[in-house]
Amino acid sequence: YEAACSPEDKIAALRSISHNFFLTASHMRALIGYFKEEIQRANVFIIFYLRIVDMHNAKMFRVRFESSEEVTRLQKRLGYAAFFPFLQPENSRFELDLSVYDQRLCSSMCV
């Protein structure tokens, strides 16, 4: 928490080594908690999202995001299909534009 470098420098360091390891959902939850700003949390999340080994525990880190708008912005950055909670869709709210293929794919996962 008290490192002399800025959060952006920490994120750059994490990005440079991210290809060397995988994370669990509890690791992701902790990692998101180290950053105060929404954009910092989003950048760390984007870097490591596809390196999470236990996606069935996604609820553990999804609750770290403060608002539904923050989650919507993450969906747009990652892609709706990549971020879709197909293992545990309960308590999720979806607004899909069926003219977009990625979002249409998500609607077919629900049916």
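Because the structure is a prediction, the values reported are computed rather than measured.

**Q** Which residues make up the pattern of salt bridges, and what values go with them?
**A** With the rule as written, the count across this model stands at 3 salt bridges. Across the salt bridge formed by Arg 41 and Glu 70, the nearest N and O atoms sit 3.2 Å from each other. With Arg 41 in helix α3 (residues 38-48) and Glu 70 in helix α5 (residues 68-78), this pair connects stretches of sequence that are 29 residues apart. Under the relative-accessibility criterion, Arg 41 is labelled buried at 5%.

**Q** A description of α3 should follow, citing residues and the corresponding values.
**A** Within α3, 8 of the 11 residues are buried, leaving the element largely enclosed by the surrounding structure. For α3, the complete set of buried residues consists of Gln 40, Arg 41, Ala 42, Asn 43, Val 44, Phe 45, Ile 47 and Phe 48. Contacts made by the buried residues of α3 are with α1 (7-17), α2 (25-33), α4 (59-62), α5 and α6 (80-83).

**Q** How would you explain the packing of aromatic side chains if you had to name every residue and give the values?
**A** Under the counting rule described, the total for this entry stands at 8 aromatic pairs. Aromatic side chains Phe 45 and Tyr 49 sit 5.0 Å apart centroid to centroid with 45° between the ring planes, which places their arrangement in the tilted category. With respect to class, Phe 45 is no different from Tyr 49; both count as buried. Three or more aromatic residues link up through ring pairs in this structure, and these residues are Phe 45, Tyr 49, Phe 61, Phe 65 and Phe 83.

How each quantity is defined
For every chain, the first residue of the written sequence is number 1, and numbering continues from 1 along that sequence. In keeping with the model being predicted, local features are shown solely for residues with a pLDDT of at least 70 and side-chain atom pairs are shown and tallied solely at 80 or more, while totals for entire chains, interfaces and linings include all residues. Hydrogens and water are ignored here; the side-chain numbers use all heavy atoms of the structure. In what follows, salt bridge is the name for a side-chain nitrogen of Lys or Arg lying within 4 Å of a carboxyl oxygen of Asp or Glu. Strands are runs of DSSP state E lasting at least two residues, helices are runs of H or I lasting at least four, and both sets are numbered from the N terminus onward. Whether a residue is buried, partly exposed or exposed follows from its accessible area with a 1.4 Å probe, protein chains only, as a fraction of its type maximum: under 20%, in between, or over 50%, in that order. Only heavy atoms enter the contact rule, under which two residues are in contact if any of them lie within 4.5 Å. Aromatic pairing here means that ring centres of Phe, Tyr or Trp (its six-membered ring) are within 6.5 Å. Orientation follows from the plane angle: under 30 degrees is stacked, over 60 is edge-to-face, and everything else is tilted.

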